[in-house]
Amino acid sequence: MEIDRYKIDLAETERIEKLMKKSQRPIPDPDDWLEEELKRNILLTTVDYVADWARSRSTFPLMFGLACCAFEMIGTAASRFDVTRYGMDIFRWSPRQADLMICAGTLTWKMAPAVRMIYDQMPEPKWVIAMGACAVSGGTFRESYSVVPGINRIVPVDVYIPGCPPRPEGLIYGINKIQQKILKDSIKNYQ
Ligand code: SF4
């Protein structure tokens, strides 16, 4: 029987080509899932930003109720509005343990030196919120001989919250503004 060498060569070539194709297929990467997992779990940031963020979420407010607005401030700290969500766990009674003064209510000239003294006793950096029309500008009592027409005449104010009285949501909004301000005032600036 005559051997058809051409056919044998052809079959061999086909076999080799098939094998080549199979071996050139890319080998799947067993660590493919890792990249996706890393994307979901690793967050790149800077130490400065983390420190600023932590600082903005850990202010210690000073309980400073001067008149009727104080009840809205107290309501903000109670369970319904729960100001703890913003990192303000406990209102402080001592200025030495506080860095945020929330002046809620009417400030009289008689009380003004005490407010200034308490402000001076707070450690730096510190912030002040004027809560309510009376604290912002004297409110209804602006023309009165006994009322300070705005606490900014006594201490520097960072955030003004209008209203008579402002609701707890208003105070929470003001607190958010203070947090934004703290974030902008980065610790980088103190180096
Ligand atoms: S702003 Fe209105 S609620 Fe607040 S202390 Fe003044 S009068 Fe009272």
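An account of the accompanying structure is given in this report. All figures in this text were calculated on a predicted structure; none of them were measured in a lab.

This part covers the packing of aromatic side chains. Inspection of the entire model under this criterion finds zero aromatic pairs. In this arrangement the basic side chain of Lys126 is found over the ring face of Tyr119, its NZ or CZ atom lying 4.3 Å from the centre.

Their axes nearest at 8 Å, the elements helix α3 (residues 47-56) and helix α7 (residues 168-184) cross at an angle of 150 degrees. Considering their axes alone, α3 and α7 lie roughly antiparallel with respect to each other. In the packing of α3 onto α7, the handedness of the crossing is right-handed. Together, Tyr49, Asp52, Trp53, Arg55 and Ser56 of α3 and Gln179, Ile182 and Leu183 of α7 make up the contact between the two elements. Across the contact of α3 with α7, the residue classes break down as four nonpolar, two polar and two charged.

This next bit is on the site of the ligand. The local shell around the ligand consists of Ala67, Cys68, Cys69, Gly105, Thr106, Ala133, Cys134, Phe141, Gly163, Cys164 and Pro165. Split into classes, the residues belonging to the shell around the ligand amount to eight nonpolar, three polar and no charged.

With that settled, the discussion passes to the pairing of strand β1 (residues 61-65). Relative to strand β2 (residues 100-104), β1 is paired through five bridges, and the arrangement is parallel. What sits directly across from Phe64, in β2, is Cys103. For the handedness criterion, the β-α-β arrangement of β1, helix α4 (residues 69-77) and β2 is classed as left-handed.

What follows covers the pattern of salt bridges. Across all of its chains, the model carries three salt bridges by this definition. One salt bridge connects Arg116 with Asp120, and the closest N-O pair in it is separated by 3.1 Å. Taken together, the residues Arg116 and Asp120, both in helix α5 (residues 112-121) and four residues apart, mark about one turn of the helix. Taking the relative accessible area as the measure of exposure, Asp120 reaches 45% and is therefore partly exposed.

Moving on, we come to unusual backbone geometry. For the bond from Glu124 to Pro125, the omega torsion is -10 degrees, close enough to zero to count as cis. Looking at where Pro125 falls in the secondary structure, it is placed in the loop between α5 and β3 (127-131). The step from Cys164 to Pro165 runs through a cis peptide bond, and the omega angle for that step is -5 degrees. Note that Pro165 resides in the loop between β4 (159-161) and α7. In this model, Asp82 sits at a positive phi of 45 degrees, which is unusual for a non-glycine residue.

This next bit is on the nonpolar core. Residues Met73, Leu100, Ile102, Ile129, Leu171, Ile175 and Ile178 are the most contacted members of the largest nonpolar core, which totals 20 residues. Only α4, β2, β3, β4 and α7 provide two or more residues apiece to this core. A total of five residues in this core trace back to one element, the largest contributor, which is α7. When sequence neighbours within four positions are dropped, the list of residues in contact with Leu100 reads Thr59, Phe60, Pro61, Leu62, Met88, Met122, Trp127, Val128, Ile129 and Ile178. In this structure, Ala98, Ala112, Val115 and Ile151 belong to the second largest nonpolar core, which totals 19 residues.

Among the surface-exposed residues, Asp29, Asp31, Asp32, Glu35 and Glu36 lie close enough to one another that they form a single negatively charged patch. Its place among the elements puts Glu35 in helix α2 (residues 32-41).

As summarised here, the arrangement of the four strands in space is β1-β2-β3-β4, forming an open sheet in which the pairing is parallel. Edge positions in the sheet fall to β1 and β4, since each has one partner strand and no second. Neighbour to neighbour, the strand axes of the sheet diverge by 15 degrees on average, direction disregarded. Packing of α7 onto the sheet brings it into contact with β2, β3 and β4, and relative to β3 it is tilted by some 155 degrees.

About the cut-offs
In every chain, residue numbers begin from 1 and rise along the written sequence. Residues qualify for local features only when their pLDDT is at least 70, as the model is predicted, and side-chain atom pairs are given and counted only at 80 or more; totals for whole chains, interfaces and linings, by contrast, use all residues. Hydrogens are left out, water is left out, and the side-chain values use all remaining heavy atoms of the structure. Any two of the Phe, Tyr and Trp rings considered here, Trp counted by its six-membered ring, make a pair once their centres fall within 6.5 Å; the pair's planes then place it as stacked at under 30 degrees, edge-to-face at over 60, or tilted in between. Criterion for a charge above a ring: Lys NZ or Arg CZ within 6 Å of the ring centre, and within 35 degrees of the ring normal. Think of each axis as a best-fit line through the C-alpha atoms, taken over the contacting stretch in the case of a helix, with angles from 0 to 180 degrees between the N-to-C directions. To qualify as a helix, a DSSP run of H or I must reach at least 4 residues; to qualify as a strand, a run of E must reach at least 2; elements of each kind are numbered from the N terminus. Reported orientations rely on four angle classes, namely roughly parallel under 35 degrees, roughly antiparallel over 145, roughly perpendicular from 65 to 115, and oblique for the rest. For a crossing to be left-handed, the near helix must be turned anticlockwise from the far one by less than a right angle; the clockwise case is right-handed. The contact rule is simple, with two residues in contact once any of their heavy atoms fall within 4.5 Å. Gly falls in the polar group here, along with every residue not listed as nonpolar (Ala, Val, Leu, Ile, Met, Phe, Trp, Tyr, Cys, Pro) or charged (Asp, Glu, Lys, Arg). Proximity is defined per residue: if any heavy atom of the residue lies within 4 Å of a molecule or strand, that residue is considered near it. Think of it this way: DSSP has to see at least two bridges between two strands before they count as a pair. Here a crossover is taken to be right-handed if, once the strands point away from the viewer, the path from the first strand over the helix to the second is traced clockwise. Think of a salt bridge as a Lys or Arg side-chain nitrogen and an Asp or Glu carboxyl oxygen that are within 4 Å of each other. Buried means the residue's accessible area, taken with a 1.4 Å probe over protein chains only, is under 20% of the maximum for its type, while exposed means over 50%, and partly exposed covers the values in between. Throughout, nonpolar core names a set of buried Ala, Val, Leu, Ile, Met, Phe, Trp, Tyr and Cys residues whose side chains join them through atoms within 4.5 Å. Surface patches are drawn from residues lacking salt bridges whose relative accessible area is over 30%; two like charges belong together within 9 Å, two nonpolar side chains (Val, Leu, Ile, Met, Phe, Trp, Tyr) within 5 Å. Residue exposure ignores everything except the shown protein chains as possible cover, and the areas themselves are Shrake-Rupley values with a 1.4 Å probe. Think of it this way: Lys and Arg go in the positive column, Asp and Glu in the negative one, and His and the chain ends go nowhere. Note that the charge is assigned to NZ on lysines, CZ on arginines, CG on aspartates and CD on glutamates.

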